[in-house]
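As a plain string of letters, each chain reads:
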Amino acid sequence: MYKKTTTLVAAVITVVFCSNAALADNQLKSPEFWWPEQINLKPLRQHALESNPLGKDFNYAEEFNKLDLEAVKLDIKKLLSTSQEWWPADYGNYGPFFIRMAWHSAGVYRIFDGRGGASGGQQRFAPLNSWPDNANLDKARRLLWPIKQRYGHKISWADLMVLASNVAMESMGFKTLGFAGGREDDWEPEMVNWGNEKKFLSDAKRYHGNRQLKKPLAAVQMGLIYVNPEGPGGNPDPLLAAQDIRTTFARMAMNDEETVALIAGGHTFGKTHGAHKPDKCVGAEPAAASIEEQGFGWKNKCGTGKGADTVTSGLEGAWTISPIAWSMNFLQNLFGYEWVQSKSPAGAIQWIPKNAQEVKFVPDAHDSSKRHAPIMLTTDLALKFDPSYKQIAQRFLNNPAEFDLAFAKAWFKLTHRDMGPRARYLGQEVPKEVFIWQDPIPEVDYQMISDKDVVILKAEILDSGLTIPQLVRTAWASASSFRGTDMRGGANGARIRLAPQKDWPANSPVELAKVLKSLENIQTEFNNNSSKKQVSLADIIVLGGAAAIEKAAKDGGYEVTVPFIPGRADATQAGTDLASFAVLEPAADGFRNYYNAKSSLSPAEMLIAKANYLNLTVPEMTVLIGGMRALNANTEAQPYGVLTNQPGTLNNDFFVNLLDMSTKWTKSPKNEGVYEGVDRRTGQARWKATPVDLVFGSNAELRAVAEVYASEDAKEKFVNNFVKTWVKVMRLDRFDIAGKYS
């Protein structure tokens, strides 16, 4: 189950780009500077509340619900046509600019780790605010600042950017599917592995084999949202570009139809900007700009530096005859002309009609007396030359209403994919239609169980013959599938009983089937004998874990009550997208001492990554590890790290025995990745452990927390803290009760 791995620098790698690579003499150096192989706990410290200026009691949902959404939309609509001298609007309308801002905010979402997306408003922070693909979007956010300032904390930056794009589309004649609020702002950069390259627009370290993009990456080059518009590595081959597009958009959760709709629909609006050569005109990005720029970047010294002289991608031109109006003209032009290779004024490869001099019908963005030929990008032509994309694009061309609906659905998915279930959606514009990518769970439409029923059900579960470890393992397997990056997974829905989760090796499938059968029998008996009340299997699973922990604590000498709130429902197999849920399968789960060959990081680093998904702090992760080991909750009941003579009892033995200096730890000569603990004096075998266990003694920061729980006066504190953290994990996906219970 374990293999030897090379410890990487960090559990989650953030690539930092600086204009000055040399360390300043007076720069503070972290321990990682001297010892780069130390485990990085910073990802877990993102979950502390100290950085939030709104305070721990702030409830964004309550504030958003006070918002006059129509008033905000009217203000945005007015802003769209109010061109500012410091950054003039193309065609007198900021609509396409705001669409690009929202697209690039939401478009960094990726399926394998759920990171990226519009939630959090991460586009405000480095590195995203300084990516080459986000050039000049600093101006878009500054244009929106007066509206953000006016409505304050009632609307987040994350919501405002998406809302602005919807208003832009509607003002240009497109009917969107709707809008949901509920994206809270982050207050610091999220630590994300965007790739190992140390140079923007490089792809040197993200491919293996025959151009296989490494997981979890989605973009083809460092600093791009999607793909290189000029073609792979600048090679203007539409068919090769199609391969990159298909890979990247699939990793952004889009199929071929959604991909065609997004490209064709998005490029109906606006233009590209490449009036001059970037290397001669454009200055540093915001993260490297001078302090007097106040967060602005890409200062352009050529011409006016704005308007007609704007330099963004280096590509130049518009796709359609009406860049600020919804139309079918992108697809009409795509199939209506023979396209020949050309270059922008900045030297970027793009395409124009073969008879370009005869089709100069595209208006100039700033001079009404000028007209231009339409352009296409290499990635646009992929929709014409790739057989699958071509079939879809031609169908859209022949069926405008179908194209309208496809783009509306794809745009809604793009801008809402990382929000999680519909229970998190806020506002009056939430579409009534339920999509399978929202991981639907039926609404609870029956009378829920009472506190008295909870007591009865707990007793029945404990009398069923199921053991404490079995109940704990099952509840954990169900709830710990949650990932806070995109709010997917969790106990609600009881998808632990459905494919693909029921067959994941981490979940001990044989044992899981046995446990679920017993719990289903208890559920069925209760529901059949009750005239009104019903209980879901999802609730029974969580209740089983609670009952087991209470019994384990009692066996250890402590009376505790594990708080429980009913209200979970059971999802269906038909409402579960197998491929979409497959990416949630854990390659490792340190809390169950599970690790397999699919893991790309060391066991300890994978533990940090898992804890990060569960929104845990360092102390919460630590106390959970100690409790799970004492409860004998490892996958397949493996003995590793179960440093107690009373397995199944909730106690602090893991920490006591791990830090006991009478035990000497050595690498196992037989099992790679396993360590053996022996009595220093006699050499008698005592324990077996993994790197995930031993890191709590070897890492100074983790050892400091472990020492707290190993102390004689911390036994009760350990039990109480474990229960509190356990309940947190069980409720991570209970968006229906968020803010109602402590």
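Coordinates for the structure precede this section.
Residues numbered from 1 in each chain as written. Predicted model: local features only at pLDDT ≥ 70, side-chain atom pairs only at ≥ 80, totals over all residues. Heavy atoms only, no water.

Caption draft 1: Region of interest: the overall build of the chain. When its secondary structure is counted, the chain shows 25 helices and 13 strands. Against the compact-globule benchmark of 27 Å for 742 residues, the chain has a radius of gyration of 28 Å, which places it among compact chains. With respect to the principal axes defined by its C-alpha atoms, the chain has extents near 90 × 70 × 50 Å. Expressed as a percentage of its 742 residues, the buried residues of the chain come to 58%. For the chain, the share of sequence-separated contacts (at least 6 apart) that also reach a separation of at least 24 residues comes to 72%. Summing over all exposed atoms, the chain offers an accessible surface of approximately 31500 Å²; the carbon and sulfur share of this is 51%. (Helix = DSSP H or I, 4+ residues; strand = E, 2+ residues; numbered from the N terminus. Rg over C-alpha atoms; globule rule 2.2 N^0.38 Å. Buried < 20%, exposed > 50% of the residue type's maximum accessible area, 1.4 Å probe, protein only. Contact = heavy atoms within 4.5 Å. Areas by Shrake-Rupley, 256 points an atom, 1.4 Å probe, with all protein chains shown as cover.)

Caption draft 2: Seen up close, the side chain of Q350. For Q350, the location among the structural elements is in strand 6 (residues 349–353). By relative accessible area, Q350 is classed as buried at 4%. At 2.8 Å, the side chain of Q350 and the backbone oxygen of E316 are in polar contact. With residues near it in sequence (within four places) discarded, Q350 still touches L315, E316, V340, Q341, S342, K343, S344, I375 and M376. (Polar contact = N/O pair within 3.5 Å; in protein donor to acceptor, adjacent residues only side chain to side chain.)

Caption draft 3: Looking closely at a nonpolar patch on the surface. Residues F33, W34 and W35 make up a contiguous nonpolar surface patch of roughly 400 Å² in combined accessible area. Among the secondary structure elements, F33 is positioned in helix 1 (residues 31–34). Overall, the relative accessible area of 39% leaves F33 in the partly exposed class. (Patch = residues over 30% accessible without salt bridge, like charges linked within 9 Å, V, L, I, M, F, W, Y side chains within 5 Å. Salt bridge = Lys/Arg side-chain N within 4 Å of Asp/Glu carboxyl O.)

Caption draft 4: Structural view of unusual backbone geometry. Residue K215 is joined to P216 through a cis peptide bond whose omega torsion reads 5°. Position of P216 among the secondary structure elements: in the loop between strand 2 (212–213) and helix 8 (238–251). In this structure, the amide linkage connecting A499 to the following residue, P500, adopts the cis form with an omega of 5°. Its location among the elements puts P500 in the loop between helix 16 (468–479) and helix 17 (509–529).

Caption draft 5: Just the packing of helix 5 (residues 95–106) against helix 14 (residues 400–416), in detail. At a minimum axis separation of 8 Å, helix 5 and helix 14 run at an interaxial angle of 60°. Taken together, the axis directions place helix 5 and helix 14 in an arrangement best described as oblique. Together, I99, A102, W103 and A106 of helix 5 and W411, L414 and T415 of helix 14 make up the contact between the two elements. Taken together, the residues of the contact of helix 5 with helix 14 break down into six nonpolar, one polar and no charged. (Axes fitted to C-alpha atoms, helices over the stretch in contact; angles between N-to-C directions. Parallel < 35°, antiparallel > 145°, perpendicular 65-115°, else oblique. Nonpolar A, V, L, I, M, F, W, Y, C, P; charged D, E, K, R; others polar.)

Caption draft 6: Region of interest: the environment of T82. Within the fold, T82 resides in the loop between helix 4 (69–80) and helix 5. The spatial distance from the C-alpha of T82 to the C-alpha of L383 is 35 Å, given a sequence separation of 301 residues.

Caption draft 7: Region of the structure containing the sheet that holds strand 11 (residues 663–667). Here we have three strands laid out as an open sheet, ordered 11-12-13, and antiparallel in their pairing. Two strands lie at the open edges of the sheet, namely strand 11 and strand 13 (685–689), each paired on one side alone. Across the sheet, the mean angle separating the axes of adjacent strands is 25° when strand polarity is ignored. Across five bridges, the pairing between strand 11 and strand 12 (residues 675–679) is antiparallel. By the bridge assignment for strand 12, W665 is matched with G677. (Pairing = 2+ DSSP bridges.)

Caption draft 8: The packing of aromatic side chains, seen in detail. According to the stated counting rule, one finds 31 aromatic pairs in the structure shown. Ring geometry for F174 versus W326: centroids 4.5 Å apart, planes at 55°, classification tilted. With F174 in the loop between helix 7 (157–171) and strand 1 (207–208) and W326 in the loop between strand 4 (317–318) and helix 11 (329–336), this pair connects stretches of sequence that are 152 residues apart. When its relative accessible area of 4% is taken as the criterion, F174 is described as buried. Judged by centre distance (6.1 Å) and plane angle (40°), the ring pair of F407 and W411 falls under tilted. With a gap of four residues between them, F407 and W411 both fall in helix 14, about one helical turn apart. Summarising the burial analysis for this pair, F407 and W411 share the class buried. An aromatic cluster is built from W103, F174, Y226, F249, F269, W326, F396, F403, F407 and W411, whose rings are joined through pairwise contacts. The aromatic ring of W87 is capped on one face by K139, whose charged end is 5.1 Å from the ring centroid. (Phe/Tyr/Trp six-rings, centres within 6.5 Å; stacked < 30°, edge-to-face > 60°. Lys NZ or Arg CZ within 6 Å of the ring centre and 35° of its normal.)

Caption draft 9: Just the environment of F412, in detail. Relative to the elements of secondary structure, F412 occurs in helix 14. In the structure, F412 is positioned 246 residues away from N166 in sequence and 9.3 Å away in space, judged by C-alpha atoms.

Caption draft 10: Spotlight on the pattern of salt bridges. The tally for this structure, following the rule as stated, stands at 40 salt bridges. With a shortest N-O distance of 3.9 Å, K354 and E338 are connected by a salt bridge. Of this pair, K354 sits in the loop between strand 6 and strand 7 (362–363) while E338 sits in the loop between helix 11 and strand 5 (339–343), and the two are 16 residues apart along the sequence. The exposure class of K354 is exposed, given its relative accessible area of 58%. A salt bridge links D736 to R734; its shortest N-O distance comes to 2.9 Å. Overall, the relative accessible area of 35% leaves D736 in the partly exposed class. Several salt bridges converge on common partners, so that one network encompasses K73, E170 and E429.

Caption draft 11: Summary view of the environment of E62. When you line up the elements, E62 lands in helix 3 (residues 60–65). For the pair formed by E62 and A261, sequence separation is 199 residues and the distance between their alpha carbons is 35 Å.

Caption draft 12: Examining helix 6 (residues 137–151) more closely. Between its terminal C-alpha atoms helix 6 stretches 21 Å, which fits the 21 Å expected from 15 residues at 1.5 Å a residue. Every buried residue of helix 6 is listed here: L137, D138, K139, A140, R141, L143, L144, I147, K148 and Y151. Where helix 6 is buried, its residues touch helix 4, helix 5 and helix 7. Positive backbone phi, approximately 55°, marks G152, located one or two places after helix 6. (Expected span 1.5 Å × (residues − 1).)

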